[in-house]
Amino acid sequence: ISAVKGEPFTTVAIGVTSNELGYYFSHPIYEPKDDTKIAGVAVVKLKPENIEAALLNHLTTGYDIYLTDKHGIIILPSDSDKYLQSLGPLSDSSLKELIHSNAYNQKNFESLDYGVFMDEIQNGYEGSKIEQIKDDHDDKDELIALSKVKEFPFYIMFEGDMTIIDRVSIKS
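Residues numbered from 1 in each chain as written. Predicted model: local features only at pLDDT ≥ 70, side-chain atom pairs only at ≥ 80, totals over all residues. Heavy atoms only, no water.

Visitor: Quick question: what am I supposed to make of the overall build of the protein here?
Guide: Scanning the protein from N- to C-terminus turns up four helices and eight strands. Ordered by position from the N terminus, the helices and strands of the protein form the series β-β-β-α-β-β-α-α-β-β-β-α. Over its C-alpha atoms, taken along the principal directions, the protein stretches across nearly 60 × 40 × 30 Å. Considering only intrachain contacts with a sequence separation of at least 6, the fraction spanning at least 24 residues in the protein is 43%. Accessible area of the protein: about 10600 Å², with a carbon and sulfur share of 53%. Measuring between centres, the 16 positive side-chain charges of the protein sit 7 Å from its 29 negative side-chain charges. (Helix = DSSP H or I, 4+ residues; strand = E, 2+ residues; numbered from the N terminus. Contact = heavy atoms within 4.5 Å. Areas by Shrake-Rupley, 256 points an atom, 1.4 Å probe, with all protein chains shown as cover. Lys, Arg positive; Asp, Glu negative; His and termini not counted. Charge placed at Lys NZ, Arg CZ, Asp CG, Glu CD.)

What follows is the structure, encoded as structure tokens:
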């Protein structure tokens with residue numbers, strides 16, 4: 001809808017026909033003789049494998065990386081068990097939007113325990129932040145980094161075991 005109105009648009013959803021997750025990029029196409037009139041819309045679907053190769057191939061043991069949508073839903077995890085889980089509790093408005101759009105063909109999203117980062121995402125955070133936390137699930141000290149992906153509706157979250165990070169920093 002945004003591209004029809006003249007604005008490029010990016011989203012992630014499970015395809016209606018393929019029933020597979022895809023990254024969708026749309027851009028308006030203007031009339032050749034009148035660049036104010038929209039003649040159509042170009043839409044490109046990028047398969048997750050392309051993004052996965054770029055993000056996950058360089059990880060080593062002890063690190064996890066998650067690509068989330070604008071609601072904090074994990075759409076590309078290095079730990080496949082966390083696929084389509086939320087970083088934290090969803091706001092009522094996010095849950096309503098997800099159910100209405102049917103982007104992921106589900107109505108319930110298991111919540112992980114990254115509430116402070118989830119709050120940032122749901123408030124439209126535009127920057128980057130790093131925090132050291134105590135992960136109660138695995139009883140480890142971890143470093144968590146969150147960053148907005150430029151103008152796209154995605155966030156990258158990095159999670160690393162502090163014992164490994166300490167060893168890497170000592171070696172350098």
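Visitor: Help me understand the sheet that holds strand β1 (residues 9-14) in this model?
Guide: Note: strands within a sheet are paired through backbone hydrogen bonds, in either parallel or antiparallel orientation. Read from one edge to the other, the open sheet built from three strands follows the order β1-β2-β3, with strand pairing classed as antiparallel. In the strand order of this sheet, the two ends are held by β1 and β3 (34-46), each with one partner. Between one strand axis and the next, the sheet turns through 25° on average, direction left out of account. Across six bridges, the pairing between β1 and strand β2 (residues 21-31) is antiparallel. Residue pairing across strands places F9 opposite S26, the latter belonging to β2. (Pairing = 2+ DSSP bridges. Axes fitted to C-alpha atoms, helices over the stretch in contact; angles between N-to-C directions.)

Visitor: Explain helix α3 (residues 115-122) here, please?
Guide: Residues spaced three or four apart along an α-helix face the same direction, because each turn holds 3.6 residues. Of all the residues in α3, the buried ones are F117, M118 and I121. End-on view of α3: buried residues confined to an arc of 100°, all on one side of the axis. As for α3, its buried residues are in contact with β4 (63-68), β6 (128-135), β7 (140-148) and β8 (155-161). (Buried < 20%, exposed > 50% of the residue type's maximum accessible area, 1.4 Å probe, protein only. Arc of directions from axis to C-beta.)

Visitor: For this particular structure, what's the right way to read the sheet that holds β4?
Guide: Reading across the sheet, the five strands line up as β5-β4-β8-β7-β6 and stay open at both edges, with antiparallel pairing between neighbours. Of all the strands in the sheet, just β5 (74-77) and β6 have a single pairing partner and so form its edges. Neighbour-to-neighbour, the strand axes of the sheet open up by a mean angle of 20°, direction not taken into account. Together, β4, β6, β7 and β8 form the strand contacts of α3, whose direction differs from that of β6 by roughly 155°.

Visitor: Just checking my understanding: could you explain the side chain of T10 for this structure?
Guide: With respect to the secondary-structure elements, T10 resides in strand β1. A relative accessible area of 14% means that T10 is categorised as buried. Non-local contacts of T10, meaning those with residues more than four positions away in its chain, are made with Y24, F25, F152, P153 and F154.

Visitor: Would you explain the pairing of β7 in this entry?
Guide: Side chains on a regular strand alternate between the two faces of the sheet. Two strands pair when backbone bridges link them, and β6 and β7 are joined in this way by eight bridges, in the antiparallel orientation. Residue pairing for β7: S128 is matched across the bridge by S147. Linking two consecutive strands that pair antiparallel, namely β6 and β7, is a turn of four residues; a positive phi of about 55° is found at D139 within it. Both β7 and β8 contribute to a ladder of seven bridges, which runs antiparallel. Looking across to β8, one finds that A145 is bridged to F158. The antiparallel hairpin formed by β7 and β8 contains six residues in its connecting segment, where K150 sits at a positive phi of about 35°.

Visitor: Explanation requested: unusual backbone geometry in the structure shown.
Guide: Note on backbone geometry: most residues besides glycine have negative phi, and most peptide bonds are trans. Unlike most non-glycine residues, N102 shows phi in positive territory, near 55°. With respect to the helices and strands, the residue N102 is situated in the loop between α2 (92-101) and α3. At K150, a position not held by glycine, the phi torsion is positive, near 35°. Examined against the element boundaries, K150 turns out to sit in the loop between β7 and β8. The class of K150 is exposed, set by a relative accessible area of 67%.

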